[in-house]
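Okay, here's what each chain looks like letter by letter:
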Amino acid sequence: MRRLRWFLFVVPLLAVAGAARSATPIWIVPDVPTQETASGTQPLPWQIFRYSSVAPFYTPELTVPGNPTLDGIERMDKPGSWLFSLESASDLGGALLALADPRDVIVYDGAAGIYSLFFCGAAAGIPDYSNVDALFLLGGDKGDLALSFDVPTQIGAAFYDPGDIVLYKKVAPGCGGWAFSALFFDASAAGIPPRGNVIGADTCGTRLVLSLDVPTDLGPPGIVTYLPGQLPAWTGAAYALFEALAGWPISSGVDGLACAGNPGLIPSTLQVNKSAVPGNLQLVWSASCSQGAADYGIYEGVLGTWYSHTQIDCADAGLDFTEEITPGAGNRYYLVVPHNVCGEGSYGQKTGGIERPVGAAVCANPQIVTTCP
Amino acid sequence: MSARMLGLLSLLVFTLPPSFAAEGRTPVWLPGTAISTPGRYIVTRNLIGGAPTISITVGNVDLDLNGMTLDAGGVAAPVIIVVAGGTGDVVIHDGTVLNGGENIAVTAPGQRLVLEDLKIGGSNGAAIHLTDSQNFVVRRVTISGSNGEGILVDGPINKQGTIEKNLVRRTQATAIRVIGGSSLAVVENRVEEVVGPAGSYGIALDNCESCLVVQNTVHNTGDTGIFLRGFKSGKVYNNTVHKAGFHGIFLDSTGSDSLVLNNVVSASGAVLAGGCGLFVDADRVMIEGNTLNANSGVGLRLGAPSTLLTFGRNTARGNTGVGVGPCAVAPALFPPNSCNDGAGNTTFGTNLIPGPPLF
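These notes cover the structure that comes with them. Small disclaimer: the values here were computed from a predicted structure and weren't measured.

Check the secondary structure of chain A and you find 0 helices and 29 strands. At 21 Å, chain A has a C-alpha radius of gyration in line with the 21 Å of a compact globule built from 373 residues. Seen through its C-alpha atoms, chain A measures out along the principal axes to roughly 65 × 45 × 40 Å. Looking at the 373 residues of chain A, the share that counts as buried comes to 55%. Within chain A, counting contacts between residues at least 6 apart in sequence, those at least 24 apart form 55% of the total. Within chain A, one finds 17 positive and 33 negative side-chain charges whose respective centroids are separated by 15 Å.

Now for the sheet that holds strand 4 (residues 70-75) of chain A. Residues and elements named next belong to chain A. Strand order in the open sheet made by the 4 strands is 4-5-6-7, with antiparallel pairing throughout. In this open sheet, the two strands that pair with only one neighbour each are strand 4 and strand 7 (114-119). Ignoring which end each strand starts from, the neighbouring axes of this sheet average 30° apart. With 4 bridges joining them, strand 4 and strand 5 (residues 82-86) adopt antiparallel strand pairing.

With that settled, the discussion passes to the sheet that holds strand 12 (residues 165-170) of chain A. All names here are of chain A. One open sheet accounts for 4 strands, arranged 8-9-12-13; its pairing is antiparallel. Each having just a single partner strand, strand 8 (132-138) and strand 13 (178-185) make up the two edges of the open sheet. Averaged over all adjacent pairs, the angle separating strand axes in this sheet is 30°, with direction ignored.

On to the state of the cysteines, then. Residues and elements named next belong to chain B. Counted by the stated rule, this structure contains 6 disulfides over all chains. For Cys-327, the disulfide goes to Cys-339, at an S-S distance of 2.0 Å. Taking the sign of the torsion about the S-S bond as the criterion, the disulfide between Cys-327 and Cys-339, at about -100°, is left-handed. Within this pair, whereas Cys-327 is found in the loop between strand 32 (310-312) and strand 33 (338-340), its partner Cys-339 is found in strand 33, the two being separated by 12 residues in sequence. Looking at chain B, its bonded cysteines, counted consecutively from the start of the sequence, adopt the pairing 1-2, 3-4.

To continue, consider the side chain of Asp154(B). Residues and elements named next belong to chain B. Note that Asp-154 resides in strand 14 (residues 151-154). At 6.1 Å, Lys-159 is the nearest oppositely charged side chain to Asp-154, a buried residue that forms no salt bridge. At 2.9 Å, the side chain of Asp-154 forms a polar contact with the side chain of His-129. The contacts of Asp-154, once residues within four sequence positions are left out, are His-129, Leu-130, Thr-131, Asp-132, Lys-159 and Ile-179.

Together, Leu303(A), Trp306(A) and Tyr307(A) give the surface a local cluster of nonpolar side chains, amounting to about 290 Å² of exposed area. If you trace the backbone, Trp306(A) turns up in the loop between strand 23 (295-302) and strand 24 (310-313).

All told, the structure shown has 20 aromatic pairs over all chains when counted by the stated rule. Judged by centre distance (4.1 Å) and plane angle (10°), the rings of Tyr201(B) and Phe227(B) are stacked. Linking Tyr201(B) in the loop between strand 18 (190-194) and strand 19 (203-209) with Phe227(B) in strand 22 (residues 226-229), this pair joins segments that are 26 residues apart in sequence. Of the two residues examined, Tyr201(B) and Phe227(B), each falls in the buried class. On the basis of an interplanar angle of 75° and a centroid distance of 5.4 Å, the ring pair of Phe250(B) and Phe279(B) is categorised as edge-to-face. Of this pair, Phe250(B) sits in strand 25 (residues 249-251) while Phe279(B) sits in strand 28 (residues 278-280); the two residues are 29 residues apart in sequence, bridging distant segments of the chain. Classification of Phe279(B) by relative accessible area gives buried; the value is 10%. Among the aromatic residues, those joined into a cluster by ring pairs are Phe118(A), Phe119(A), Tyr160(A), Tyr168(A), Trp178(A) and Phe180(A).

Residues and elements named next belong to chain B. Within the secondary structure, Val-241 is located in strand 24 (residues 240-242). Judged by its relative accessible area of 0%, Val-241 falls in the buried class. A C-alpha to C-alpha distance of 9.4 Å links Val-241 and Val-191, two positions 50 residues apart in sequence. Residues contacting Val-241, with those up to four places away along its chain left out, are Val-218, Gly-225, Ile-226, Gly-248, Ile-249, Val-264, Val-265 and Ser-266.

This paragraph deals with the pattern of salt bridges. Residues and elements named next belong to chain A. Counted under the stated rule, the structure contains 19 salt bridges over all chains. When the shortest N-O distance is used, the salt bridge between Lys-169 and Asp-144 registers 3.2 Å. On the criterion of sequence distance, the pair formed by Lys-169 in strand 12 and Asp-144 in strand 9 (residues 144-149) is long-range, its members being 25 residues apart.

Basis of the calculations
- Residues numbered from 1 in each chain as written.
- Chains lettered and ligands numbered in written order.
- Predicted model: local features only at pLDDT ≥ 70, side-chain atom pairs only at ≥ 80, totals over all residues.
- Heavy atoms only, no water.
- Helix = DSSP H or I, 4+ residues; strand = E, 2+ residues; numbered from the N terminus.
- Rg over C-alpha atoms; globule rule 2.2 N^0.38 Å.
- Buried < 20%, exposed > 50% of the residue type's maximum accessible area, 1.4 Å probe, protein only.
- Contact = heavy atoms within 4.5 Å.
- Lys, Arg positive; Asp, Glu negative; His and termini not counted.
- Charge placed at Lys NZ, Arg CZ, Asp CG, Glu CD.
- Pairing = 2+ DSSP bridges.
- Axes fitted to C-alpha atoms, helices over the stretch in contact; angles between N-to-C directions.
- Disulfide = S-S within 2.5 Å.
- Salt bridge = Lys/Arg side-chain N within 4 Å of Asp/Glu carboxyl O.
- Polar contact = N/O pair within 3.5 Å; in protein donor to acceptor, adjacent residues only side chain to side chain.
- Patch = residues over 30% accessible without salt bridge, like charges linked within 9 Å, V, L, I, M, F, W, Y side chains within 5 Å.
- Areas by Shrake-Rupley, 256 points an atom, 1.4 Å probe, with all protein chains shown as cover.
- Phe/Tyr/Trp six-rings, centres within 6.5 Å; stacked < 30°, edge-to-face > 60°.

Right, dumping it as structure tokens:
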């Protein structure tokens, strides 16, 4: 094995047409015990299930102790870690040292197996009549926290509708160290009816994916009624169906919703080896720092013509962090970039900490650059 | 931007009804929905049209209107129709039902029907029409503006039920009418402005056995305030009737063996002169403690068909006595405030009807 060269990567947003792809996997929580008919499982309100649009469709991912009804969920970048909020106060069967309030957000550290408070709603000024109904992070595990509430909620002098999503920014250590930042999603301006209640939300690339509690008419373009189990995505100008959960009963709400998350970046571990196939090269790398990476793309560029890279392979066959390629003629450089259904991660940084630009042709877009957890 | 000033949005908090389809209920969001599978349903938006707007064709259905309005738009069809023949356990609650032929129509025999916490208006026929619901409850329903009855329960099957704490106003026919009942309670209802012609009663029960008519208020009716035909072994007590179009309370000759206690009736005959406060043609009825003043006819009238009535401690003053007589049967009472034409009726005294002491 001969070590040739390695590179790392990332970039600014660049809209390059990508191949059509499934919006799944996504992660969901039902509001009630739900007998789905696609694979015959029964997700419970305290279980996070992974959903894929192909068999086996629904597979359990996390069961929260104490059987609390979960409200919002977020799949963090840190492997095995989750954020979630509760329908009612709970100490998670003793897994928490004190009762968590429905306006709080709890973090589960998957590596340590520990639950703790991530966001303390009372300290952040959320009134006691409000539940955190939907949540997600913007910009990685250290980014802003986006929240939606179950009822019109007063924050400062303003009220926010149950369809609105607001941002909180970390300003100090501890679960109370959050401050209201801005309105992120204005439901009324985005055509959500006054009674519309967002009960699950997450971003997927440039799209905002929503779950609503009841059949809701959304538009533009035109008026489309989205049923529970049909998840619309808002582009900033229009709605489109993001995913329709197979076998999902209309009587159940998708109470918690999380998309693939951030692809992250691979550490500086790329090795280029001689392949057993004459003329081929074997690329070997380590997993992304984020569990949001679902696959990896191989980019090839011409040495001396910097940032000439373009994708030559968008799938890590076997997901073994190893891929064989047939190099182009002349001297070449290679980048490996993690991606998922929502976009691709970092191409690494060049001198000065500046993100490398995206490829001429990309495996996924947009690019989502976040710091590692 | 949905940021709003505190005052305005405080109002919003209290005026927007929730729309949650929680607890596994199936949402109903389209007019014309037919519910054909047992389960729990919740209306998630106002529904207009549909003819009928919602049909229930199966039993074991809980339909939560969720504070929403169902408006049939003035068509001849009902707003909600229940045609769950031979089945039961249908519950409809918590919403507004407007502008149907009949607003809620139960057209097939069934059991265990519950209608609760509804607001009903603009019905072209009966606001609620139950046909042969063997066990039913109509509770806390507010009805106004019906071109037919307010609550109509009919059909050949003997009905058991409770009609309780309803407000019924401005109907063109009888406000609350039950035909064929037993173990039926009509309790604490408020009836107002029965504006229909003769035959438009405040409360009317036909052939009711072991029934209660208790603590109702009836005000301003086109005909008799509380009309009891074939009323047997029942109790009529603590009701208040004012400005009945004809009699205040009437028990016809096919009834018997009941108690009429502590009712207050005044200003009867508001439409048809000669209306009495309490008119009893039935047999073996105990009449006690009623206040029967200022009626067009007499306050207390014991009709010719009546027999073996017992009465005492009633008050009747300021009555006009229009159209009564001959009032000649013993014990001879005292027009214009009281009149006895029945045989074998007995006073046990202390009536405060002008007459001899201890009569």
